[in-house]
Amino acid sequence: MLSRKGLIPEDYLLTRLAEDVLQPKFKTKQGKARFVGKNGTCNVAHTNIREQGRFLQDVFTTLVDLKWLYTLIIFTMSFLCSWLLFGMIWWLVAFAHGDLDQRGDDFVPCVTDIHSFSSAFLFSIEVQVTIGFGGRMITEECVSAIIILIVQNIVGLVINAIMLGCIFMKTAQAHRRAETLIFSKHAVISLRNSKLCFMIRIGDLRKSMIISATVRMQVVRKSTTEEGEVVPLNQIDIHMDNPVGTNGIFLVSPLIISHVIDRSSPLYELSPTDLQHQDLEVIVVLEGVVETTGITTQARTSYVSEEILWGQRFVPTVSEDDGMYAVDYSKFGNTVKAPTPCCSAKELEAAGGIARFKLNEGVTMRTSVRRRRGAAMVRRSRLENK
């Protein structure tokens with residue numbers, strides 16, 4: 001992997017290239033299953049599907065979703081089977097017309113130079129792939145041969161369109177572009193603009209843009225309705241406070257996406273202590289259009305409670321150097337401590353808000369400074385007395 005070769009630091013997460021990590025840094029609780037993996041894969045197994053025929057109703061999508069090995073096998077067998085089928089048909093036409101028997105010079109066969117099944121098979125390949133070596137050709141003697149020639153050409157064009165289109169779609173799938181869209185391994189909760197915020201950092205390693213990029217977040221948790229119904233995976237949308245003030249983001253440099261924890265937030269009653277014991281997962285989805293291909297791509301990741309750091313903020317990664325902006329990706333996932341209330345947003349609001357917290361913090365800092373100054377003066381006086 002790129003991170004192992006030293007090309008990419010290990011303090012941020014590649015959405016696709018982290019699939020073969022043998023020893024993940026984050027170990028969740030025993031028995032806790034993630035709804036979405038760190039690399040964006042959905043941890044959902046579909047079982048007991050009785051209507052398997054629905055997949056055959058959309059053959060093209062089924063072929064695109066198959067693994068490369070199965071796709072190549074189907075690609076090869078589709079051509080071989082069509083060549084063999086029409087080779088058999090051409091042999092039957094030649095057999096029925098008597099082309100396989102030795103006749104005089106005045107005899108006109110349906111297809112020239114067909115003497116066995118092998119020659120009929122070679123003629124079938126020449127017709128379908130339009131090679132035309134010149135030794136075998138169709139004549140005007142048999143109308144059925146002309147009809148078979150038309151049918152084989154049409155069937156060959158359909159097979160080419162489906163299989164080549166399938167190969168193209170597999171090589172140009174949008175999730176390949178998502179491999180260079182990165183997320184920070186940690187999410188943080190700290191103060192921003194005097195508000196308690198949940199924040200992550202996203203970035204793009206390529207110079208080609210993601211057009212109309214949008215970010216969505218959801219909290220997945222187990223909940224119980226008022227009627228007593230248990231919802232094991234309750235998905236709750238949370239409002240995003242994007243740095244540009246709109247739904248779209250301009251992902252030229254790494255951006256910090258924040259969510260203000262207010263009364264409408266599902267994290268409103270969450271404290272640092274509750275965070276360690278809460279069974280929740282925050283899913284982040286980044287969507288946009290690839291500039292070079294025009295295909296919509298999507299990158300996903302998730303953060304469980306153990307991956308959310310309380311009282312931390314991300315360090316800056318962008319600096320100005322020689323008249324241009326430089327991004328240091330070695331600092332992409334680095335965080336530093338930040339003064340943050342050790343209580344939930346609900347308790348903070350009930351206690352008087354951020355202003356009261358800052359006032360108490362200032363008093364505490366002044367007291368500690370006075371104590372340090374007093375201790376220093378006592379030490380000086382002791383030294384002078386000695």
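Residues numbered from 1 in each chain as written. Predicted model: local features only at pLDDT ≥ 70, side-chain atom pairs only at ≥ 80, totals over all residues. Heavy atoms only, no water.

Visitor: Which residues make up the environment of Ala94, and what values do they have?
Guide: Within the fold, Ala94 resides in helix α3 (residues 68–97). Judged by its relative accessible area of 1%, Ala94 falls in the buried class. When the C-alpha positions of Ala94 and Ala145 are compared, they lie 9.1 Å apart, and in sequence the two are 51 residues distant. Leaving out residues up to four positions away in the same chain, Ala94 has contacts with Asp99, Leu100 and Ile114. (Helix = DSSP H or I, 4+ residues; strand = E, 2+ residues; numbered from the N terminus. Buried < 20%, exposed > 50% of the residue type's maximum accessible area, 1.4 Å probe, protein only. Contact = heavy atoms within 4.5 Å.)

Visitor: Which residues make up the state of the cysteines, and what values do they have?
Guide: This model, assessed by the stated rule, comprises one disulfide. Here Cys110 engages in a disulfide with Cys142; their sulfurs sit 1.6 Å apart. Since a negative S-S torsion denotes a left-handed disulfide, the Cys110-Cys142 link at about -50 degrees is left-handed. Of this pair, Cys110 sits in the loop between α3 and α4 (117–128) while Cys142 sits in the loop between α4 and α5 (143–171), and the two are 32 residues apart along the sequence. In terms of burial, Cys110 and Cys142 fall into one category: buried. The thiol of Cys343 is unpaired, and the distance to the nearest cysteine sulfur, on Cys342, comes to 7.6 Å. When its relative accessible area of 16% is taken as the criterion, Cys343 is described as buried. (Disulfide = S-S within 2.5 Å.)

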